[in-house]
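A structural walkthrough
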Amino acid sequence: MTSVGTTAGLAAPRRSTALGYALLAPSLFGVVAFLLLPILVVVWLSLHRWDLLGPIEYVGGQNWRSVLSDSTFGNSLLVTLTFVAIVVPAQTVLGLAVAALLARDLPGSGMFRTLYVLPWISVPLAIAVLWRWILAPTDGAISTVLGHRIEWLTDPGLALPVVSAVVVWANVGYVALFFLAGILAIPAEIHSAARTDGATSWQRFWRITLPMLRPTMFFVLVTGVISAAQVFDIVYALTGGGPQNHTDLVAHRIYAEAFGAAAIGRASVMAVVLFVILIAITIVQHLYFRRRISYDLT
Amino acid sequence: MTSPKRPAAVLVYAGLVLGALITLAPFALGLLTSFTSAHQFATGTPLAWPRPPTLANYADLGGAGFGRALAVTTLMTAAILLGQLSSSVLAAYAFARLRFPGRDALFWVYLATLMVPGSVTVVPLYLMMAQLGMRNTFWALVLPFVFGSPYAIFLLRQYFRAIPDDLINAAYLDGANTLDVIVHVVMPSSRPVLVTLMLITVVSQWHHFMWPLVITSGAKWQVLTVATAALQSRYNAQWTLVMAASAVAIVPLLALFVIFQRHIVRSIVVTGLK
């Protein structure tokens, strides 16, 4: 290791300092202005009242008291928790199943692999609008096929599972890609040794593949939780948070509070709470993933 | 892998085909509806084959401002792509190949910002843009994303570090300055990761919805996602028109997808997307 300090008198490192900061200037401005500053601003805003147009006034802890004692926000956190608890396990199990099929590497697997990612590439908002028609009670695709109407999106008991199903549908192919990469990374010798010992493919899946996929599993679960906890577009276009807030995910609640009710202070409190929760999840992830694992699939 | 037993292969194919049907059917049915006349959709059964197929719904979208929305979306995506990639390349070069005080601490700060979620920054960014008088401008659409992405910088830095020193030193000895080295040596030898980042950036920027929804109003700077959502809530029952709108939002990325399909699949796995 060479130290910069000992060569301080020379021209080269100093020029490197100026050059280094010159090259960093645009991205540093972006990071400070649009990622770090907003965090300070949202904390500051959580102590103020603003209706998007009028003056901003300081109200101390009033927004915090009002949000934390408000059942709407509690409901929204609970809805988000339920949503995450449905979406993440479902997309993980289905993604693993799809990956196991793709890993057989039969002719045409590549085409299927590509097809399955299509919903993920597609614009989430447009996907939601598409499904809103598919699920429409009178003239939607499913009602037409079944021949009778089902209130998929307006029945309080059905709405959240249905919204979750649409999100799972959109994510499965994407999740499968990671599991596929993980499965292909398992050395073939391990499987052939087990086969020689008489292990069936079912046994090999449970005893070899699954344990060796543990890092992939963790990555898929953690990123799955973090992104599911922030879903907005799909719920905005499918249900608008209804019926009676049964699908009011927390990102949608922040939006509705800020830009529907013009209560920026309250929305900021919710954003800070969401931020703290997500940071906690991410820190757990980093404790397990000191080194970033990257996969190559060619 | 050795050749699988016949019945097993049949089961695997059955599973794969079922998956493909579930994946594709919604797209196919939506597309079909977008080519059905509103009259036929309202009077016949909704899933009937369009008789005759019509482009009337797409023509109506032109009247609803979708031409402009497509142009704004393309322009926004292009501006962010250009800005984000060039700032990220410069920063990644500094982090990978230069030595200066504060480098490692700054890199750690960049990495930490990966944890800042978009749904948390929308409200404060709205205030900042409002204070700058930039609500409903093109700048408001692109500014928060145009100055580089910590993730792209992180990924590029790893590639740039692997470039042999001799290659870079030789260029310097030939009298090249740092910008020449970046453009003529570093970037050509990192082509795969640059293509990966370009694809991922285009896809994720094209998906933008919440930020354009709050920061723009009216038709002037409306992007496709916002236009589609607005159309859906205004013409709730006119599904033929609404399906044409979502097709317009989806198809450009689909085209990109078809052209770069092998690369996209690889890119998703390398970057984790988003």
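What counts, and where the lines are drawn
Residues numbered from 1 in each chain as written. Chains lettered and ligands numbered in written order. Predicted model: local features only at pLDDT ≥ 70, side-chain atom pairs only at ≥ 80, totals over all residues. Helix = DSSP H or I, 4+ residues; strand = E, 2+ residues; numbered from the N terminus. Contact = placed C-beta atoms within 7 Å. Rg over C-alpha atoms; globule rule 2.2 N^0.38 Å. Buried ≥ 20, exposed ≤ 12 C-beta atoms within 10 Å, placed from the backbone. Core = buried A, V, L, I, M, F, W, Y, C linked by C-beta atoms within 7 Å. Axes fitted to C-alpha atoms, helices over the stretch in contact; angles between N-to-C directions. Parallel < 35°, antiparallel > 145°, perpendicular 65-115°, else oblique. Nonpolar A, V, L, I, M, F, W, Y, C, P; charged D, E, K, R; others polar. pLDDT = per-residue confidence, 0-100.

Notes on the overall build of chain B
- Regarding its fold elements, chain B presents 15 helices and 0 strands.
- Viewed in the frame of its principal axes, chain B has a C-alpha envelope of about 75 × 65 × 35 Å.
- The long-range share in chain B, meaning contacts at least 24 apart out of those at least 6 apart in sequence, stands at 77%.

Let's talk about the overall build of chain A
- Counting secondary structure elements, chain A contains 13 helices and 2 strands.
- Compactness check: chain A gives a C-alpha radius of gyration of 25 Å against a globular reference of 19 Å for 298 residues, more than 25% above the reference.
- The principal-axis extent of the C-alpha atoms belonging to chain A is close to 80 × 75 × 30 Å.
- For chain A, the proportion of its 298 residues judged to be buried stands at 41%.
- A sequence separation of at least 24 residues applies to 69% of the contacts in chain A between residues at least 6 apart.

Topic: the nonpolar core
- In terms of nonpolar packing, the biggest core is built from 162 residues, with A:Ala176, A:Leu177, A:Ile234 and B:Val123 touching the most fellow members.
- By residue number, the principal contributor to this core is helix H7 (residues 159-184) of chain A, which donates 17 residues.
- Leave out the neighbours within four places in its chain, and A:Ile234 touches A:Pro124, A:Ile127, A:Ala128, A:Val163, A:Val166 and A:Val167.

Structural notes on the packing of helix H3 (residues 56-63) of chain B against helix H14 (residues 239-259) of chain B
Residue and element names in this part refer to chain B.
- It is at 9 Å that the axes of H3 and H14 come closest, and there the two elements cross at 75 degrees. Considering their axes alone, H3 and H14 lie roughly perpendicular with respect to each other. Taken together, the residues of H14 that come into contact with H3 (itself represented by Asn-57, Tyr-58, Asp-60 and Leu-61) are Thr-240, Leu-241, Ala-244, Ala-245 and Val-248.
- For the contact of H3 with H14, the class distribution of residues is 6 nonpolar, 2 polar and 1 charged.

So, the interface of chain B and chain A
- Between chain B and chain A, the contact holds 77 residues from the first and 82 residues from the second.
- Residues that form the side of chain B that touches chain A fall into these classes: 53 nonpolar, 20 polar and 4 charged.

What to know about unusual backbone geometry
- Residue A:Pro243 is bonded to the preceding A:Gly242 through a cis peptide linkage, with omega at -10 degrees.
- The linkage connecting B:Arg51 with the following residue, B:Pro52, adopts the cis geometry, with an omega of -10 degrees.
- Residue placement: B:Pro52 occurs in the loop between helix H2 (38-43) and H3.
- Despite not being glycine, A:Leu52 has its phi angle at roughly 80 degrees, a positive value.
- With respect to the helices and strands, the residue A:Leu52 is situated in the loop between strand S1 (48-49) and strand S2 (57-58).
- For A:Leu52, a count of 14 C-beta atoms within 10 Å translates into the label partly exposed.
- Phi is positive for A:Gln244, which is not a glycine, with a value near 40 degrees.
- One can find A:Gln244 in the loop between helix H11 (233-238) and helix H12 (250-260).

What about the environment of A:Ala170?
Residues and elements named next belong to chain A.
- The residue Ala-170 is located in helix H7 in this model.
- Note: C-alpha distance between Ala-170 and Pro-124 (46 residues apart in sequence) is 8.3 Å.
- In this structure, Ala-170 is in contact with Pro-119, Trp-120, Pro-124 and Ile-127, ignoring residues within four places of it in sequence.

With respect to the confidence of the model for chain B
- On average, residues of chain B score 90 in pLDDT, and 96% of them are at 70 or above.
- This complex was scored by the predictor with a pTM of 0.90 and an ipTM of 0.90.

Re the confidence of the model for chain A
- For chain A, per-residue confidence averages 88 on the pLDDT scale, and residues scoring 70 or more make up 91% of the total.
- Across residues 1-14 of chain A, confidence stays below pLDDT 50; counting only partners more than four residues off in sequence or on other chains, it has 6 contacts.

Details of the environment of B:Tyr235
All names here are of chain B.
- Within the secondary structure, Tyr-235 is located in the loop between helix H13 (224-234) and H14.
- C-alpha separation for the pair Tyr-235 and Pro-124, spaced 111 residues apart in sequence, amounts to 32 Å.
- Excluding residues that lie within four positions of it along the chain, Tyr-235 makes contacts with Leu-241 and Val-242.

Focus: the environment of A:His191
Residues and elements named next belong to chain A.
- In this structure, His-191 sits in helix H8 (residues 188-196).
- Overall, His-191 belongs to the partly exposed group, with 17 C-beta atoms counted inside 10 Å.
- Taking C-alpha positions, His-191 is 9.0 Å from Ser-201, a pair spaced 10 residues apart along the chain.
- Once residues lying within four places of it in the same chain are set aside, the contact partners of His-191 are Arg-204 and Ile-208.

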